[in-house]
Structures are given as C-alpha cells and as structure tokens.
Amino acid sequence: MLNIIICGAPGSGKGTQSDLIVEKYTLKHLSTGDLLRKEIAEKSELGKTAESYISQGNLVPDAMIIDILSKHVENQAEDSNGIILDGFPRTVAQAEALEVMMKKLDKEISVLIDLKVDENELIDRLVARGQTSGRTDDNLETIKKRLDVYHCQTEPVNEFYKNLNRYNAINGMGTIDEIFERISTVIDSKR
Ligand code: AP5
Ligand code: MG
C-alpha cells in the first residue's frame, strides 16, 4: 500500500503531478478541491456553502471537509495500490483527523511530498490558468488571499509530518517531467 499526500501552495502543481503519479503507481486520486467543485457544479447544498468560501479564497470549515473526505477514503477502490491525497490535509486539525481515519482502517501515510515553487511563478501560473479555467478563485486578488491562507493555515501541517518523519520537500520549479522525476525518486525510495 502506498498512501501519498501531495501538498504545496496554490498553483504548485499538485493536480498536474497527481495525474502522472496515479498513472505510474495505480493510485486513487482524491482532490478535495475537485470534490468541492463537483458539488458546486451540481448545485448541491454543500456546493453552495463551499462556493461562498472558495470564491473568497478561504478554506471551507474543517468539519465539512473531513466529513466529505472520510467517506471517500473509506470507499477506496479495492483495485488500487493506495491513495494520493491532493489538497488535504490543509490544517493541523485535518491532519489529526486523517491520522485517526487511517488508524481505523489499519493504514498509514507512506510519504508527504511538498512542492516548493517561487511565489512569482505561482501567481504567473494561476493568472494564466484563470484566462480559461472558469474558476472563481483564479483572479489576482483571490490568488493573493489563497497564498496568505496557505502560509497561515496550511504550512504548519508540514511540521506535523516532519515530526512523523514522512515529510519530503521537492523542488517544484522546472518542467513537468523534471519535477515528476524528482517525485518518482522519492516515492521509489519509500516502497
Ligand atoms: P484546490 O483545488 O486544492 O486549489 P489550490 O490548492 O489553490 O491549488 P490549485 O488546484 O489551484 O493548484 P495545483 O497545486 O493543483 O496546481 P495545478 O497542477 O493545477 O482548492 C481550491 C479551494 O477549495 C481552496 O482554496 C479551499 O477554499 C477549498 N479547499 C480544497 N481543499 C480543502 C481542504 N482540505 N480544506 C478546506 N478547504 C479546501 O497547476 C496550476 C497551473 O500551473 C496549471 O495551469 C498547470 O497547467 C500549470 N503548471 C503545472 N506545473 C507546471 C510547471 N512545472 N511549469 C509550468 N506550469 C505548470
Ligand atoms: Mg489542484
């Protein structure tokens, strides 16, 4: 079993690299951002609540996201070799809840990959994506807010996994293939 967390600031390449990791290692991809955007597209009650947070660049409340994620983790596909969590955990409370969830399932997080990308590059990538993505949070003002929220609420999660000896920083600058090489090297060393 290979259970991976991929994290990093908004625009650091979590989704892009997850697609490559899923294909190479046959994992189930769980992106909390994608799950929330699906709820928004379906105009569910949950989606409506989530949108009010997302469009402002804020995190949705912990209880809400933990509830959504735990259902998906429990229903993990039997034919996969594990899961890759993209965009979760984003607070220390979420990390603690994830530990409890995994213990209950008799599983554990194998490795956390933290993509490190310069702030200017993050902004350039997201502003460029905003021209076609249709995401309400891909505009300069909200991107800056998302980066602030990341530094205040999400970066402390790194300490949590450093203490568990699961933390690996990866240089997230360069071509998509170069970054994937670096990630593969780390994953292969954990198998
Ligand atoms: P989420 O969907 O997770 O968004 P995010 O963290 O802001 O990150 P992005 O998805 O924008 O970027 P990414 O790192 O996946 O990069 P990507 O590969 O797309 O969350 C959205 C919102 O949902 C949050 O703000 C919050 O409100 C809510 N939410 C989600 N999870 C939550 C949680 N756990 N708790 C509470 N709230 C939660 O790449 C970005 C762009 O760069 C793309 O255009 C890509 O093509 C390009 N790119 C990728 N790699 C490269 C490269 N090497 N060189 C050049 N361009 C590249
Ligand atoms: Mg993403």
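Residues numbered from 1 in each chain as written. Chains lettered and ligands numbered in written order. Predicted model: local features only at pLDDT ≥ 70, side-chain atom pairs only at ≥ 80, totals over all residues. Heavy atoms only, no water.

Caption draft 1: Molecular detail of the site of ligand 1. Around ligand 1, the structure places 31 residues, and the nearest of them are Thr16, Asn58, Arg90, Arg129 and Arg146. Between ligand 1 and the protein, one listed contact pairs an oxygen atom with a side-chain N or O atom of Arg37 at 2.9 Å. In isolation ligand 1 exposes 1000 Å². Once the protein is present, 86% of that is buried. The biggest single contributor to the shell around ligand 1 is helix H2 (residues 32–41), with four residues. (Near = heavy atom within 4 Å. Polar contact = N/O pair within 3.5 Å; in protein donor to acceptor, adjacent residues only side chain to side chain. Areas by Shrake-Rupley, 256 points an atom, 1.4 Å probe, with all protein chains shown as cover. Helix = DSSP H or I, 4+ residues; strand = E, 2+ residues; numbered from the N terminus.)

Caption draft 2: Molecular detail of the sheet that holds strand E2 (residues 28–31). Overall, parallel pairing links the five strands, which are arranged E2-E3-E1-E4-E5 in an open sheet. The two strands at the open ends of the sheet, each matched to only one other strand, are E2 and strand E5 (167–171). The sheet shows a mean angle of 20° between the axes of neighbouring strands, taken without regard to direction. Where strand E1 (residues 4–8) and strand E4 (residues 111–116) come together, five bridges link them in parallel fashion. What sits directly across from Ile5, in E4, is Leu112. Strand contacts of H2: E2 and strand E3 (83–86), with the helix running at about 65° to E2, the strand carrying the most contacts. (Pairing = 2+ DSSP bridges. Axes fitted to C-alpha atoms, helices over the stretch in contact; angles between N-to-C directions. Contact = heavy atoms within 4.5 Å.)

Caption draft 3: Seen up close, the nonpolar core. By size, the foremost hydrophobic cluster in this structure holds 28 residues, and its most contacted members are Ile5, Leu85, Leu98 and Tyr161. Those elements giving two or more residues to this core turn out to be E1, H2, helix H3 (45–54), helix H4 (62–74), E3, helix H5 (92–104) and helix H8 (156–163). Counting residues per element, this core draws most heavily on H4, at six residues. Residue contacts for Leu85: discarding those within four places in its chain leaves Ile4, Ile5, Ile6, Leu30, Leu69, Leu98 and Ile109. Within the second largest apolar cluster, 16 residues are counted, among which are Ile21, Ile170, Ile183 and Val186. (Core = buried A, V, L, I, M, F, W, Y, C linked by side-chain atoms within 4.5 Å. Buried < 20%, exposed > 50% of the residue type's maximum accessible area, 1.4 Å probe, protein only.)

Caption draft 4: Fine view of the packing of aromatic side chains. Enumeration according to the criterion identifies one aromatic pair in this entry. On the numbers, 5.0 Å between centres and 65° between planes, the contact of Phe160 with Tyr161 is edge-to-face. Here Phe160 and Tyr161 have matching classes, each one buried. Residue placement shows Lys162 over the ring face of Tyr167; its charged tip is 4.9 Å from the ring centre. (Phe/Tyr/Trp six-rings, centres within 6.5 Å; stacked < 30°, edge-to-face > 60°. Lys NZ or Arg CZ within 6 Å of the ring centre and 35° of its normal.)

Caption draft 5: Representation of unusual backbone geometry. Along the chain, Phe88 connects to Pro89 via a cis peptide bond; the corresponding omega equals 0°. Located in the positive-phi region is Lys43, a residue other than glycine, with phi close to 55°. Positive phi, close to 60°, is recorded for Asp106, a residue that is not glycine. Mapping Asp106 onto the fold places it in the loop between H5 and E4. What makes Asp106 exposed here is its relative accessible area of 72%.

Caption draft 6: Quick look at the pattern of salt bridges. As enumerated under the stated definition, the model contains 13 salt bridges in all. The residue Arg125 makes a salt bridge to Glu121 at a minimum N-O spacing of 2.8 Å. Of the two residues, Arg125 and Glu121 both sit in helix H6 (residues 119–133), four residues apart, roughly one turn of that helix. Accessibility expressed as a relative area gives 25% for Arg125, which makes it partly exposed. Between Asp137 and Arg146 there is a salt bridge, with the nearest N and O atoms lying 3.6 Å from each other. The network of salt bridges with common partners includes Arg129, Arg135, Asp137, Asp138 and Arg146. (Salt bridge = Lys/Arg side-chain N within 4 Å of Asp/Glu carboxyl O.)

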